[in-house]
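Chain and residue survey
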Amino acid sequence: MPGAGTDSTKPWIGGGPVVILVEPQLGDNIGSAARAMGNFGLSRLRLVNPRNGWPDDRARIFAAGADRILEEATLFPDLRAALADVNYAIAATARERGMAKQVLGADAAAAEAAARLAQREDVALVFGRERTGLYTEEVSLCDVILTLPVNPAFASLNLATAVSVVAYEWFKHATGGALPFSSAEKSPVAEKKDLLAFFDHLEGELEAAAFFRSADKQPSTTRNIRNIFHRIALSKQDLATLHGMITSLVEGRIGREKRKSERNAKAEAKRARGLADHGSSPVDEEA
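Residues numbered from 1 in each chain as written. Predicted model: local features only at pLDDT ≥ 70, side-chain atom pairs only at ≥ 80, totals over all residues. Heavy atoms only, no water.

**Here's the deal with the overall build of the chain**
For the record, the criterion: A helix here means a DSSP run of H or I that spans at least four residues, while a strand means a run of E at least two residues long, and both kinds are numbered starting from the N terminus. Radius of gyration means the value over C-alpha atoms here, while the globule rule gives 2.2 Å times the residue count to the 0.38 power. With a 1.4 Å probe rolled over the protein chains alone, any residue whose accessible area is under 20% of its type maximum counts as buried; one over 50% counts as exposed, and the rest are partly exposed. Note on definitions: a residue-residue contact is assigned when non-hydrogen atoms from the two residues lie within 4.5 Å. What sets the accessible areas is the Shrake-Rupley method with a 1.4 Å probe; for residues, cover comes only from the shown protein chains.
For the chain, the helix and strand inventory stands at eleven helices and seven strands. Scaling as 2.2 N^0.38, a compact globule of 287 residues should have a C-alpha radius of gyration of about 19 Å, whereas the chain reaches 36 Å, well beyond that. In terms of its C-alpha atoms, the chain occupies a principal-axis envelope of roughly 120 × 55 × 40 Å. The burial tally for the chain puts 34% of its 287 residues in the buried class. In the chain, the share of contacts with a sequence separation of at least 24, taken over all contacts with a separation of at least 6, comes to 84%. When the accessible surface of the chain is summed, it comes to about 18,000 Å², and 54% of that surface belongs to carbon and sulfur atoms.

**What about helix α8 (residues 192-208)?**
Selection rule: Here, expected helix span is obtained from the residue count minus one, scaled by 1.5 Å. The arc in question is the one traced by the directions running from the helix axis out to the C-beta atoms.
With 17 residues, α8 should cover 24 Å at 1.5 Å per step; its first-to-last C-alpha distance of 24 Å lies within 8% of that length. Considered for burial, the residues of α8 that qualify are L195, F198, F199, L202, E203 and L206. For α8, the angular spread of the buried residues around the axis is 125°, confining them to a single face. Within α8, the exposed residues directed more than 90 degrees away from the buried face are K193, D200 and A208.

**Things to note about the sheet that holds strand β5 (residues 103-104)**
Quick note on the threshold: The pairing criterion is simple: DSSP has to find at least two bridges between the two strands.
Taken in spatial order, the seven strands of this open sheet run β3-β2-β1-β6-β4-β7-β5, and their pairing is parallel. Looking at strand neighbours, the two that pair on one side only are β3 (74-76) and β5, the edges of this open sheet. With four bridges connecting them, strand β1 (residues 18-22) and strand β2 (residues 45-48) associate as parallel partners. Along β2, the bridge assignment pairs V19 with L45.

**Re the layout of surface pockets**
The criterion, for reference: Here a cavity is any set of points on a 1 Å grid over the protein atoms alone where a 1.4 Å probe fits but cannot get out, and a pocket is any open set with protein on both sides within 12 Å along at least 5 of 7 lines; a residue lines the site when it has an atom within 4 Å of a point. Grid points are joined across faces, edges and corners, and a volume is the space filled by probe spheres set on the points. Following the grouping adopted for this structure description, the nonpolar residues are Ala, Val, Leu, Ile, Met, Phe, Trp, Tyr, Cys and Pro, the charged ones are Asp, Glu, Lys and Arg, and the polar ones are all others, Gly among them.
Space inside the second largest pocket adds up to approximately 390 Å³. Lining the second largest pocket are 23 residues, with A92, T93, A94, S156 and L157 sitting closest to its centre. At three residues, the largest contribution of residues to the lining of the second largest pocket is made by helix α7 (residues 159-175). When its residues are assigned to classes, the lining of the second largest pocket shows twelve nonpolar, six polar and five charged.

**Section: the environment of V189**
Locating V189 in the fold gives a position in the loop between α7 and α8. What makes V189 exposed here is its relative accessible area of 57%. With 36 residues separating them along the chain, V189 and A153 place their C-alpha atoms 51 Å apart. Here V189 is in contact with L234, S235 and K236, once residues within four sequence places are set aside.

**Section: the pairing of β1**
To be explicit about the condition: Orient the strands so they point away from the viewer; a crossover is then right-handed if the path from the first strand over the helix to the second runs clockwise.
Of all five residues in β1, five are buried; the element is thus mostly enclosed. Burial along β1 is two-sided: V18, I20 and V22 and V19 and L21, pointing in opposite directions, are all buried. For β1 and strand β6 (residues 123-127), the ladder comprises four bridges, and the chain directions are parallel. If you follow V18 over to β6, its bridge partner there is A124. For the crossover from β1 across helix α1 (residues 27-39) to β2, the handedness is right-handed.

**Overview of the packing of aromatic side chains**
The following threshold applies: Pairing of aromatic rings covers Phe, Tyr and the six-membered ring of Trp, with a centre-to-centre limit of 6.5 Å; geometry is then stacked below 30 degrees between planes, edge-to-face above 60, and tilted otherwise. In this analysis the charged atom, NZ for Lys or CZ for Arg, is taken to sit over a ring once it is within 6 Å of the ring centre and within 35 degrees of the ring normal.
Using the criterion set out here, one finds four aromatic pairs in the structure. With a centroid separation of 5.0 Å and 80° between ring planes, the pair formed by F198 and F229 is classed as edge-to-face. Of this pair, F198 sits in helix α8 while F229 sits in helix α9 (residues 218-230); the two residues are 31 residues apart in sequence, bridging distant segments of the chain. Linked through ring pairs, F198, F199 and F229 together constitute an aromatic cluster. Sitting over the face of the ring of Y88, R116 holds its NZ or CZ atom 3.8 Å from the ring centroid. Positioned above the aromatic ring of Y135, the side-chain terminus of R129 is 3.7 Å from the ring centre.

**Concerning the environment of F76**
Tracing the chain through its elements places F76 in strand β3. For the pair F76 and A269, spaced 193 residues apart in sequence, the C-alpha to C-alpha distance is 95 Å. For F76, the residues in contact, after removing those within four places along its chain, are R46, L47, V48, N49, A81 and A82.

Next up, the structure:
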């Protein structure tokens, strides 16, 4: 299912740490997690004993086009098996577990994962069940704890949301935070001579339109108008657009006045013909 940001002509970015979902309960969340992984350059998904079995049609629907991640996902009976070939495991949890483990934020976890992957170690990001999260025994199998700065009174994130946040930090670190596109190149800033020519154009037409009602206030009003445009830092293209707008308004007004005059002239001619017809008579014609 293609989305607004989908472009099949661009290369698919994958790799990164393994994402392990432990006993996910809903295919909706598995699919949404896969979608987030695809968004942020993670492609390796492992599923530990999903409640509704595998494959799951709901997961495919919610993946919204990230089908390849679901198709390549691997199944495991428990977390021990899923971690067997992993060198470094990061357990995502919202609860303090009383363990002597380093606690990292998502950004620090991403940096640590990148450093270890660069040393050819394999890294896993481990997420727990929607309702209960990871069991303490499962957290004990991991090397560090990953947690997020959340509202302490409402700290439980949706599974797919948690994957999204962590995946985002991973991709931001991996790409140096580079954005996919930037602002269009702006036209050069207008030179003063161009700006003054615009002022002449604008003020001339305003005067022709009787905008300045008081000769005494015209200088101060003119200064205020100029200051409005000085604050905007107009470009050459901006000025060209403004010149065109003024010209269009003036020509439109003149055109309206011309059409009004033509209508009035036609009406007057019609009235004159009517009067002439009314004033004539058979007697006059015979005479």
